[in-house]
Every structure is written in structure tokens, then in C-alpha cells.
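Architecture and fold: a report
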Amino acid sequence: MDEVALAKQQLRRQVAISRGARSPEGQSAAADALAARVVQLPELVAGSAVAAYVSVGDEPGTRPLLASLLAGGQRVLVPVLRPDLDLDWGELTDLAGLHPGRRGLPEPVGPRLGPDAVADAAVVVCPGLAGDQTGARLGRGGGSYDRALARCDATTWRCLLLHDDEQLPAGEVPVEPHDQQVHALVTPGALVRCRTSFTTAPW
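So, on to the nonpolar core. Counting residues in each nonpolar core, the largest one holds 43 residues, and the members touching the most others are Trp-89, Val-124, Val-125 and Leu-161. Of all hydrophobic cores here, the second largest spans 8 residues; its members include Leu-11, Val-15, Ala-130 and Leu-168.

Scanning the entire structure with this criterion turns up 1 aromatic pair. Where Trp-89 meets Tyr-145, the ring centres are 6.3 Å apart and the plane angle is 90 degrees; that geometry is what we call edge-to-face. Of this pair, Trp-89 sits in strand S3 (residues 87-92) while Tyr-145 sits in helix H4 (residues 144-150); the two residues are 56 residues apart in sequence, bridging distant segments of the chain. By the burial criterion, Trp-89 is buried, and Tyr-145 matches it.

A few words now on helix H3 (residues 63-71). Counting along an α-helix, one turn takes 3.6 residues, and residues three or four places apart therefore face a common direction. For H3, the set of buried residues is Leu-65, Leu-66 and Leu-69. Around the axis of H3, the buried residues are gathered within 100 degrees of arc, so they sit on the same side. The secondary structure elements touched by the buried residues of H3 are helix H2 (24-38), strand S1 (49-51), strand S2 (75-81), S3, strand S6 (123-126) and strand S9 (157-161). Taken from the residues just after H3, Gly-73 is the one with a positive phi, measuring 85 degrees.

Spatial strand order, S3-S2-S1-S6-S9-S11-S12: 7 strands in an open sheet with mixed pairing. Among the strands making up the open sheet, the edge pair consists of S3 and strand S12 (190-193). Averaged over all pairs of adjacent strands, the angle between their axes in this sheet comes to 25 degrees, without regard to strand direction. Bridge analysis of S1 against S6 gives 2 bridges, and the strand direction is parallel. Each bridged residue has a counterpart across the sheet, and for Ala-51 the counterpart in S6 is Val-124. Strands S9, strand S11 (184-187) and S12 of the sheet are contacted by H2, whose axis makes an angle of about 135 degrees with S11.

Cut-offs and rules
Residues numbered from 1 in each chain as written. Predicted model: local features only at pLDDT ≥ 70, side-chain atom pairs only at ≥ 80, totals over all residues. Heavy atoms only, no water. Core = buried A, V, L, I, M, F, W, Y, C linked by side-chain atoms within 4.5 Å. Buried < 20%, exposed > 50% of the residue type's maximum accessible area, 1.4 Å probe, protein only. Phe/Tyr/Trp six-rings, centres within 6.5 Å; stacked < 30°, edge-to-face > 60°. Helix = DSSP H or I, 4+ residues; strand = E, 2+ residues; numbered from the N terminus. Arc of directions from axis to C-beta. Contact = heavy atoms within 4.5 Å. Pairing = 2+ DSSP bridges. Axes fitted to C-alpha atoms, helices over the stretch in contact; angles between N-to-C directions.

Structure, rendered in C-alpha cells:
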């Protein structure tokens, strides 16, 4: 394992420990705060498509956000995990209609729109474990969102949902050439616009 991969693994372990210590009440309050912060973003144009995700486990919660986007008339796309860990996409119309998909991840009913559907979104709301002020994002290691973001151009606005202590100073998230950047880190307590250059190579 090379130095960057080892550093990523160590940071993932640290985040897993801190996420595992969060209370259900704290998680719920954080989800509400994240929803309130995202729906006020000026990049969220009325009626546009938003690619988001359905949170599971100890991820920053997105159900309040998804409900707010649907109530606000946004077209909401959510990922469907493929066998190769790439992402297909489906349109979310009702949170009650989600059902367990591959690896138990919630996914919508209805047709699959294809991996390139993410490029139709004006905003992509990404999951992750940590991010820094350069726009670097640490995922879980499967490359699913790096592949998805590589299909978007630099005008697609990307934000990463995190807990407050997962937003790190510039340079503290290890990066590899295929890692895709985000424009902003959104936490319950802050919106951090990143000093990003989008110079990463495609997947």
C-alpha cells in the first residue's frame, strides 16, 4: 500500500470512530441543520435537477433535505449502485417509495436513467468522510462518486455533506490523481466555499 492510500485508510478509521460515537439525537439535529443550509444555497436554481443521495447508517442524514427538495419542486436524482460499484441514477418522487437495493442501499422505484444522468444535474450533493478547503474529498474507497463526478463538467456545482469536525484545513485530505473535487463543504454549522481548481484527471 502506498503512502497516500495508507493515509486515506487511517483517516477513514478516525472518521468511523467519531461517527460511531454520535448520538441518534445529534444525528437528527445535524440532518435538519444540513437541510436548512442546503436549501438556501444560491446555486440551487428553482426547478433544476439535483443529484443527491439517501443516507444510511452514520452518514450525515439527508432525508430532511430530500423531503425539502421534493416539496420545493426540484427534480431529485438519487444513485443506484451497480455491480461494478459505478452509479446509475433514478428519479426520486416519494421517500416512502424507496426500497433496499444492492448492499441494502435505498433506491427508488422506476426506470434507471443511466450513469450519465448525473451530468443533467445543476447541483450534486455528495457523501463523504472528510473534505478540506481545497475541495479535496475523502470517500469510502470504492470510487463510485469519483466516477460519477468525472461525468460532470466544472459548471456542475458539487457540495459535500459532512459533520462539523470532518471539515479539515487545506492539504489534510490525501488525494490521488483520479480524486474529484467539490466546490463547497456543507456542515450543520457552516458553508465552506473551497479554493478549488478542478485540475483532477478523469476516472
